[in-house]
Amino acid sequence: MKFIDFDKDKCDECFKCLRTCPTKAISFKKHQREIINDMCVKCGVCQQVCPQKALSIHSDIEKVKHMINTTSKVAVSLAPSFPSAFKTDKPLKIVKALKLLGFDIIEETGIGAEEVSKAYIEALKNWSQPNAITTCCPAANYFIEMYYPKEIDSMLSVVSPMIAHGRIIKERYGNETKVVFIGPCLAKKAEGKEITGSIDGVLTFHDLSMWLENSSIDFESLTELNFDQPTNIHGKKYPMGAIASCGKNTRFNYIKVQGINQCRDMMEDLSKNKFDNLLIELNVCDGSCINGPDYPKNISYFEKLSRMN
Ligand code: SF4
Ligand code: SF4
């Protein structure tokens, strides 16, 4: 599946993308740039660093607007990291804003996360492998599948909170309901397309902020609105390491692995059988999804972190 488009007219051959790609999935030959699909973990870092904006990852905005205009029910699954994305001390204003943009149902992806946690707890009861790897990050999934296929047996076979929530929404409101995931992640765009029957579109927080900026909505003046379904605190805390609690009262010790370099180190160690009894959460972004690639611009990691408290 093609993930990134390249506009060769914009490229000035600075090779920044080539140097930044953590898996060396980009090749340049005779002024032709190519992304080697089998090596690309869909982290989106190359697109973020290109100063010429020569790389683009398809935006679903027009598709989502079309859904809103032509479908009776369009739901949002909003990533629990949403308070970190918008500069306001009243983060639930975003629920109101989404309704004004035309969405019918707004829920937090934490609802899917609760189900995923239950599935992890269940799977860990009879887990016979020495270690257990959790897989909510699609880019980490691709990384293991492409570079450490022998370790696939150590991965708990549970869908991500996004996919679980999409299924829950369709079950609750009818299969014809369209579900749009909104979060900080570019790799989710690939995951949403690959696993069919759950998610109909993926937008990033950056996509959403641009949409709001170009709309007539005055975000500042909005009042807060509750989600259409409540989420419990466990689901809300997912981007902050809630998977840790799934390992309680088991033989496993939880360890959080963040950033592609740590992911590589951990997978190297696992492939050399260095550890036992670890419950490992892998995320390819340094600082996990709170530091995902497609936030509104100019927000520091620590600013985002402080907004989550
Ligand atoms: S998306 Fe990530 S892995 Fe793929 S080419 Fe870009 S930087 Fe490399
Ligand atoms: S760490 Fe989170 S934001 Fe980053 S690629 Fe993985 S799922 Fe996406």
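Remember, it's a predicted structure, so these values are computed and weren't measured experimentally.

Asks: If you had to explain helix α4 (residues 93–101) to someone new, which residues and values would you point to?
Replies: Considered for burial, the residues of α4 that qualify are Lys93, Ile94, Val95, Ala97, Leu98 and Leu101. Packed against the buried residues of α4 are α3 (61–70), β5 (74–78), β6 (105–108), β8 (178–183) and α9 (205–213). Directly beyond the C-terminal end of α4, a positive phi value near 120 degrees is found at Gly102.

Asks: Quick rundown of the site of ligand 1? Include the residues and the values.
Replies: Every residue close to ligand 1 is listed here: Ile4, Cys21, Pro22, Thr23, Ile26, Ile35, Cys40, Val41, Lys42, Cys43, Gly44 and Cys46. In a pocket analysis with a 2 Å cut-off to the grid points, ligand 1 is assigned to the second largest cavity. Looking at the shell around ligand 1, its residues break down into 9 nonpolar, 2 polar and 1 charged.

Asks: Now, about the domain arrangement of the chain: what can you tell me, with residues and values included?
Replies: Along its sequence, the chain is organised into domain 1 (4–57), domain 2 (61–113 + 160–235) and domain 3 (123–158 + 240–283). Put simply, the middle of domain 1 and the middle of domain 2, counted by C-alpha atoms, are 29 Å apart. Across the boundary between the two partners, domain 1 contributes 6 residues, which contact 4 residues of domain 2. Linking domain 1 with domain 2 are 0 salt bridges, by the criterion used here. At the junction of domain 1 and domain 2, the tally comes to 0 residue pairs in polar contact (both at pLDDT 80 or more).

Reading the values: rules and limits
- Residues numbered from 1 in each chain as written.
- Chains lettered and ligands numbered in written order.
- Predicted model: local features only at pLDDT ≥ 70, side-chain atom pairs only at ≥ 80, totals over all residues.
- Heavy atoms only, no water.
- Buried < 20%, exposed > 50% of the residue type's maximum accessible area, 1.4 Å probe, protein only.
- Helix = DSSP H or I, 4+ residues; strand = E, 2+ residues; numbered from the N terminus.
- Contact = heavy atoms within 4.5 Å.
- Near = heavy atom within 4 Å.
- 1 Å grid on protein atoms, 1.4 Å probe; cavity = no way out; pocket = protein on both sides within 12 Å on 5 of 7 lines; lining within 4 Å.
- Sits in = over half its atoms within 2 Å of the grid points.
- Nonpolar A, V, L, I, M, F, W, Y, C, P; charged D, E, K, R; others polar.
- Domains from an automatic or database assignment.
- Salt bridge = Lys/Arg side-chain N within 4 Å of Asp/Glu carboxyl O.
- Polar contact = N/O pair within 3.5 Å; in protein donor to acceptor, adjacent residues only side chain to side chain.

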